[in-house]
Amino acid sequence: QVEVNRLVEEQGMTMVPPFDHPDIIAGQGTLGLEMAGDLPDMACAIIQVSGGGLVSGIAAALKARMSGVKVIGVSMERGAAMYESQKAGKPVLVPELATLADSLGGGIGLNNTYTFQMIRDIVDEFVLVSEKEISNHIEDINLIFDHQNFFTIDISIKKNIEEIFNVDIKDHSLYLYATSKKNK
């Protein structure tokens, strides 16, 4: 952040936060529009959470286009800043801990303007994944990534999510979705 502040000050550059900015959230929302268009029967979307830009954008688009769709945020247990902030009812500092899901680490900012409230309003559930659960499925995830060139979800939470929302999780294109068991 120090370098960003220096560039803004010295070179007149514009600082755009990596997640807590309307343009970032709107851009991420285009994924939600694609999901809604491709999967009109989707009952549940499972989205990873870090600072909240991705899940906020996708959830906003899905909720605007699809009646009754559930959005589940997934984060690692170690250093889950957004989860802990939601529990506290305000943005809080969370120690960054070593985790296998290191790309989801980092805080949400104590002056968070958008994503904290959006997640509070439109994400239906949070699921935390333990280091053991992540570790147990790294080979599965690598197999998915190696063979299909995409990453989807930690497979260990599939059963938990299916039970919570009474859905079957399916793999489709670049994301996972769930269909209602009632439609079978």
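Data block above holds the structure.
All of these numbers come straight from a predicted model, not from anything done at the bench.

S.K.: Help me out: how do you make sense of helix α2 (residues 22-38) in this one?
M.R.: An ideal rise of 1.5 Å per residue puts 24 Å on 17 residues; α2 measures up with 24 Å between its terminal C-alpha atoms. Taken together, the buried positions of α2 are occupied by I25, G29, G32, M35 and A36.

S.K.: Got a minute to help me understand a nonpolar patch on the surface in this structure?
M.R.: The grouping of V4, V8, M13 and M15 at the surface amounts to a nonpolar patch, some 290 Å² of accessible area in total. In this fold, M13 is placed in the loop between α1 (2-11) and α2. Note on M13: relative accessible area 42%, which makes it partly exposed.

S.K.: Teacher, can you tell me more about the packing of aromatic side chains here?
M.R.: Each aromatic ring pair is specified by the distance between its two centres and by the angle formed by the two planes. Inspection of the entire model under this criterion finds 1 aromatic pair. Aromatic pair Y83 and F126: ring centres 5.6 Å apart, planes at 70 degrees, arrangement edge-to-face. Here F126 lies in strand β3 (residues 125-129) and Y83 lies in helix α4 (residues 81-88), a separation of 43 residues in the sequence. Taking relative accessible area as the criterion, Y83 reaches 24% and is therefore assigned partly exposed.

S.K.: I tried to follow the side chain of D20 on my own but got confused; where do I start?
M.R.: Counting through the fold element by element, D20 comes out in the loop between α1 and α2. Summary of buried charges: D20 has no salt-bridge partner, and the nearest side chain of opposite charge, R120, is 13 Å away. A polar side-chain atom of D20 sits 2.7 Å from the main-chain amide nitrogen of Y114. If near-sequence neighbours (up to four positions away) are discounted, D20 is found in contact with N111, N112, T113, Y114 and T115.

S.K.: What is the right way to read the environment of I25 from this model?
M.R.: The topology assignment puts I25 in helix α2. For I25, a relative accessible area of 7% gives the class buried. Separated by 89 residues in sequence, I25 and Y114 place their C-alpha atoms 8.7 Å apart.

Thresholds applied
- Along each chain, the written sequence defines residue order, and numbers are assigned to residues from 1.
- It should be noted that, the model being predicted, local features are given only for residues of pLDDT at least 70 and side-chain atom pairs only at 80 or more, the latter also being counted only at that level, while totals for whole chains, interfaces and linings use all residues.
- Note that the side-chain values use all heavy atoms of the structure and ignore hydrogens as well as water.
- Numbering of helices and strands runs from the N terminus; a helix is a DSSP stretch of H or I covering at least four residues, while a strand is a stretch of E covering at least two.
- Each helix should span, by expectation, one fewer than its residue count multiplied by 1.5 Å.
- Exposure categories follow from relative accessible area, calculated using a 1.4 Å probe and restricted to protein chains: below 20% of the type maximum is buried, above 50% is exposed, and the middle band is partly exposed.
- Excluding any residue in a salt bridge, patches collect residues exceeding 30% relative accessible area, merging like charges within 9 Å and nonpolar Val, Leu, Ile, Met, Phe, Trp and Tyr side chains within 5 Å.
- Exposure was quantified through the Shrake-Rupley algorithm and a 1.4 Å probe, taking into account, for residues, occlusion by the shown protein chains and nothing else.
- When a carboxyl oxygen of Asp or Glu is within 4 Å of a side-chain nitrogen of Lys or Arg, the pair counts as a salt bridge.
- Only rings of Phe, Tyr and Trp enter the pairing, Trp through its six-membered ring, and a pair is recorded when the two centres are within 6.5 Å. The plane angle decides the type: under 30 degrees is stacked, over 60 is edge-to-face, the rest tilted.
- The charge count includes Lys and Arg as positive and Asp and Glu as negative, but it does not include His or the ends of the chains.
- Here a polar contact is taken to be a pair of N or O atoms separated by no more than 3.5 Å, where protein atoms must pair a possible hydrogen donor with a possible acceptor and residues adjacent in sequence count only if both atoms sit in side chains.
- Should any heavy atoms of two residues lie within 4.5 Å, those residues are considered in contact.

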